[in-house]
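Breakdown of the fold
Residue-level listing of the chains:
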Amino acid sequence: IGQTNDRTTKGTSDVVWSLKDINFEINQGDAVGIIGKNGAGKSTLLKVLSRVTTPTTGSFKVKGRIASLLEVGTGFHPELTGKENIYLNGAILGMRKHEIKKHFDAIVDFSGVERYIDTPVKRYSSGMYVRLAFAVAAHLESEILIVDEVLAVGDAEFQKKCLGKMGEVSKGEGRTVLFVSHNIASVKKLCNKGIFLENGTINQIGDIDRIINAYVEENLGLNVIKETLKSNDGRVELQTPYFTTLSGKPASSIAVGDDLFLNFDFNFLSPMTSINPGFAIVRSSNEERVFTCHLNDDSNFKFDKLLEGSISFRTRINLPSLAPGYYHIIFGVRDEKDKGIIYSEKNVRLEICKTEERETGNGILWHTTSWEILK
């Protein structure tokens, strides 16, 4: 009875398996990133492991005390002060009073809410709530730390502080961390292993780099979608740009250090004196732009004739140091008055692969050679 948890399709059963056929082991000291789309079952899995929710079938075994931070204010009583909630939360986690007292000053200092430590937490902002809750979970002497997406509520400085603390807990103290986040860069930085959940089942489990690549490839829409884009003023059409190798063959993957072309095929429905296509190469794992280029950046390129009919532009790109992984491009076109007339974030995929001679780069694309027109 029941169906898998695919939220994009209409169900025919009253029973949905939020998690199904989940089976894995986590060793002491592992930092495990759990990634997947919304509704994949990540939070449900953490609630099961934290004993907030009981599984319908199956079982799990835990050796050690668990400190979990699943939702803003988990385990806090709104009427109690921050100080009282530290002791309450510690007691729930199985700590004795003298153990909590030993870490009390460090918890308050890390949270940054010392001024309001004697204020009922119902008057805290969501950010202050999370600051105190994370400080408690991270500093009390539990063997396993479980953290859901709640860190996104905090400011950038606190998020950085939390990631540093979780890294210290995992690598320095040998404690186990389970971390759910949609911030792939944070997951990659903190974790050494990963679990990729999809529709309530495990898609893959293993090394974090492999898991992130599988997630990026499958869920970020990196397949080339061929379509015709028309400018706002109706004067020009553009086919979805595409990569080709130096020999002219279409390409979606290339080895570290190799060159390739990016092609723009235009159809000018009315004559134009000039045009300025451009693109940005984006690292798919964290949406970081590693390079941006426009035709006008090439000082050697000159328009010597009117643009009409079908004309192709291409630029040769050098990839001497781009690190292996998945990338995609976003692209746009400006007219002769430097006004944007076409823009698209359709993901044109590019994969940089390792070779025996060159396994990695520093992640920065440092130049392109030239633009040219092909009739």
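Whatever comes next refers back to the structure up there.
Throughout what follows, the structure given in this document is the object of discussion. Everything numeric here is computed off the predicted structure, so don't read it as measured data. (Residues numbered from 1 in each chain as written. Predicted model: local features only at pLDDT ≥ 70, side-chain atom pairs only at ≥ 80, totals over all residues. Heavy atoms only, no water.)

Moving on, we come to the overall build of the protein chain. The helix and strand inventory of the protein chain stands at seven helices and 19 strands. Looking at the 375 residues of the protein chain, the share that counts as buried comes to 47%. Just so you have it, the protein chain exposes about 19100 Å², and 47% of that area is on carbon and sulfur atoms. (Helix = DSSP H or I, 4+ residues; strand = E, 2+ residues; numbered from the N terminus. Buried < 20%, exposed > 50% of the residue type's maximum accessible area, 1.4 Å probe, protein only. Areas by Shrake-Rupley, 256 points an atom, 1.4 Å probe, with all protein chains shown as cover.)

Before going further, it helps to examine the sheet that holds strand β3 (residues 31-35). Ordered by their spatial adjacency, six strands build an open sheet running β4-β5-β6-β3-β7-β8, and the pairing between neighbours is mixed. Strands with a single pairing partner mark the edges of an open sheet, and in this sheet they are β4 (66-69) and β8 (201-207). Each strand of the sheet is rotated relative to its neighbour by a mean of 15°, with strand direction disregarded. By the bridge criterion, four bridges tie strand β5 (residues 144-147) to strand β6 (residues 176-180) in an arrangement that is parallel. The partner of I146 across the bridge, within β6, is L178. Across the sheet, helix α5 (residues 156-172) touches β3, β5 and β6, and the angle it forms with β6 is around 145°. (Pairing = 2+ DSSP bridges. Axes fitted to C-alpha atoms, helices over the stretch in contact; angles between N-to-C directions. Contact = heavy atoms within 4.5 Å.)

Of the two faces of strand β10 (residues 236-239), only the one carrying V236 and L238 is buried; E237 and Q239 on the other face are not. Relative to β10, strand β9 (residues 228-230) runs antiparallel, the two being bridged by three bridges. Bridged to L229 within β10 is L238. Turn length for the β9-β10 hairpin, with the two strands adjacent in sequence and antiparallel, is five residues, and the turn residue G234 shows positive phi of about 75°. Bridge count between β10 and strand β13 (residues 259-272): three bridges; the pairing is antiparallel. For E237, the partnering residue across the bridge sits in β13 and is N267.

It is worth spelling out the packing of helix α4 (residues 126-139) against α5 at this point. Where α4 meets α5, the closest approach of the two axes is 11 Å, and the angle between their N-to-C directions is 10°. Taken together, the axes of α4 and α5 are roughly parallel relative to one another. Together, V130, R131, F134, A138 and H139 of α4 and E157, F158, C162, K165, M166 and V169 of α5 make up the contact between the two elements. Here the residues of the contact of α4 with α5 sort into seven nonpolar, one polar and three charged. (Parallel < 35°, antiparallel > 145°, perpendicular 65-115°, else oblique. Nonpolar A, V, L, I, M, F, W, Y, C, P; charged D, E, K, R; others polar.)

Glancing now at the packing of aromatic side chains. Counting across every chain of the model gives 13 aromatic pairs. For the pair F264 and F266, a centre-to-centre distance of 6.5 Å together with 10° between the ring planes defines the contact as stacked. Both residues of the pair, F264 and F266, belong to the buried class. Judged by centre distance (5.9 Å) and plane angle (35°), the ring pair of F264 and W371 falls under tilted. One end of the pair, F264, is in strand β13; the other, W371, is in strand β19 (residues 368-374), and 107 residues separate them in sequence. For W371, a relative accessible area of 5% translates into the label buried. Connected via pairs of aromatic rings, a cluster forms that spans F264, F266, F268, F279, F291, F301, F303, F313 and W371. The ring of F110 is capped by K161, whose NZ or CZ atom sits 4.8 Å from the centre of that ring. (Phe/Tyr/Trp six-rings, centres within 6.5 Å; stacked < 30°, edge-to-face > 60°. Lys NZ or Arg CZ within 6 Å of the ring centre and 35° of its normal.)

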